[in-house]
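Understanding the architecture of this molecule
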Amino acid sequence: MSALIKVRDLCRDYAITKRREGVWGGVVDLVRPRRETLRAVNKVNFDIAPGEMVGYIGANGAGKSTTIKMLTGILTPTSGSVDVGGLVPYRDRRHYTRHIGAVFGQRTQLWWDLAVVESFRLLKKIYEVENAEYEHQLGLLRELLGLDEFMHQPVRKLSLGQRMRCDLAAALLHSPRLLFLDEPTIGLDVVAKESVRTFLRDIRENLGTTILLTTHDLGDIQQLCRRVIIIDHGVVVYDGELSHLRDQVGDRVQLHVELRETATRDELVADTGTLPVDWKSGDGLLHTVAFSRRDVRAAEVIKTLVNIRQVHDLRLEEQSIEEIVREIYRRGNVEAGTHER
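Report on the accompanying structure. (Residues numbered from 1 in each chain as written. Predicted model: local features only at pLDDT ≥ 70, side-chain atom pairs only at ≥ 80, totals over all residues. Heavy atoms only, no water.)

To continue, consider the pattern of salt bridges. According to the stated counting rule, one finds 14 salt bridges in the structure shown. Measuring nitrogen to oxygen at the nearest pair gives 2.7 Å for the salt bridge that ties D271 to R309. Linking D271 in helix α10 (residues 265-271) with R309 in the loop between α11 (298-308) and β13 (311-318), this pair joins segments that are 38 residues apart in sequence. Of the residues examined, D271 reaches a relative accessible area of 18% and is grouped as buried. Here R309 falls in the partly exposed class, since its relative accessible area comes to 22%. Linking D278 and K280 is a salt bridge whose minimum nitrogen-to-oxygen distance equals 3.2 Å. On the basis of relative accessibility, which here comes to 33%, the residue K280 falls in the partly exposed class. (Salt bridge = Lys/Arg side-chain N within 4 Å of Asp/Glu carboxyl O. Helix = DSSP H or I, 4+ residues; strand = E, 2+ residues; numbered from the N terminus. Buried < 20%, exposed > 50% of the residue type's maximum accessible area, 1.4 Å probe, protein only.)

See below:
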């Protein structure tokens, strides 16, 4: 299957002025300003196939938003190329915007004092959507997002969760084949987050919408994306399956042990002395042991314990995606992580 999005050697530079200190420094800056070039995105390459939902993640200032702005046509690359379905976003922007949707965090595209349905009708005219297509798409979105209860309320009276659902509907009214999401669940409570996540899974599966998702909520990534692209200081440091990332970096696990009889940490260390594990402090009945799957199998640790101690309960905890991403940043890259085109 040919790629919908093709990004090749994408770069974006910004000219910045470095200010001198003090009053005299300010006077000198007026005459002889010190300018430097900051490279926010540096030779980024990736392909995204139709129907994929990809997580694009990184720390603040890593280059995520700059990349998204170039992909949506808001910014022009300094060098490199972006091709989305045969269109160049910054060059073919008027035609290109008819094929994409975008939701940028808490920045709404709805009209604040208008009823939700009136905002939808205005967007219908802006995107020149045919009546039959509009009614079909709106009916589908009303059902999937549960919009009927507040369709006739002014946008300013909606809760954050309700407004986010309306913004998602607004971004999809013209049936775009590509949806850009920047922090779509920011500020939402647990129930609202799950509603948004369920909806995104539905439109990907039922409509085949391609989704590029940037977020700091790594729960979104875990629940929605099989593939992740991690960017750090403008450079892609990982592009591949989330499961592969866990195999390469997320090999640390913790085993939480509840004993029937008290034991000290030193006693448990002696029990597992032949195994490469690290016992944390405990209170006599509850203890935690950490280890790497590469060094020892969980089954072997458990077998050693139950053969010596009376165990009431066991719980194995995988390394969190947050810890995995921190490890990626620490290493700078992960071998064999490149997603095959």
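Helix length check: helix α5 (residues 131-145), at 15 residues, gives a terminal C-alpha distance of 21 Å against a target of 21 Å (1.5 Å per residue), a fit within 8%. Of all the residues in α5, the buried ones are Y134, Q137, L138, L141 and L145. All buried residues of α5 project into a common sector of 100 degrees when viewed along the axis, lining one side. Turned more than 90 degrees from where α5 packs its buried face, A132, E135, H136 and E143 sit exposed. Buried residues along α5 sit against α4 (116-126), α6 (160-172) and α7 (190-207). Looking at the residues trailing α5, positive phi occurs at G146, about 60 degrees. (Expected span 1.5 Å × (residues − 1). Arc of directions from axis to C-beta. Contact = heavy atoms within 4.5 Å.)

Ranked by internal contacts, the top residues of the largest apolar core, which has 51 residues, are F120, L200 and L245. No other element matches the seven residues that α6 contributes to this core. Core analysis: the next-biggest nonpolar cluster, separate from the first, contains 25 residues, V41, I48, L71 and L178 among them. (Core = buried A, V, L, I, M, F, W, Y, C linked by side-chain atoms within 4.5 Å.)

Before going further, it helps to spend a moment on a nonpolar patch on the surface. On the surface, a cluster of nonpolar side chains totalling about 330 Å² of accessible area is made up of W111, L114, L122 and I126. By the element assignment, L114 lies in the loop between β5 (100-104) and α4. (Patch = residues over 30% accessible without salt bridge, like charges linked within 9 Å, V, L, I, M, F, W, Y side chains within 5 Å. Areas by Shrake-Rupley, 256 points an atom, 1.4 Å probe, with all protein chains shown as cover.)

Attention now goes to the pairing of strand β12 (residues 286-292). The element β12 is largely enclosed, with a buried count of six among its seven residues. Here three bridges tie strand β11 (residues 277-279) to β12, and the two strands are oriented antiparallel to one another. When the sheet's bridge partners are listed, W279 is paired in β12 with V289. Linkage of β11 to β12, two consecutive antiparallel strands, is achieved through a turn of six residues, within which G284 is found at a positive phi near 110 degrees. (Pairing = 2+ DSSP bridges.)

Take the environment of K157 next. Within the element layout of this structure, K157 appears in the loop between α5 and α6. Linking K157 and A115, residues 42 residues apart in sequence, is a C-alpha distance of 9.4 Å.

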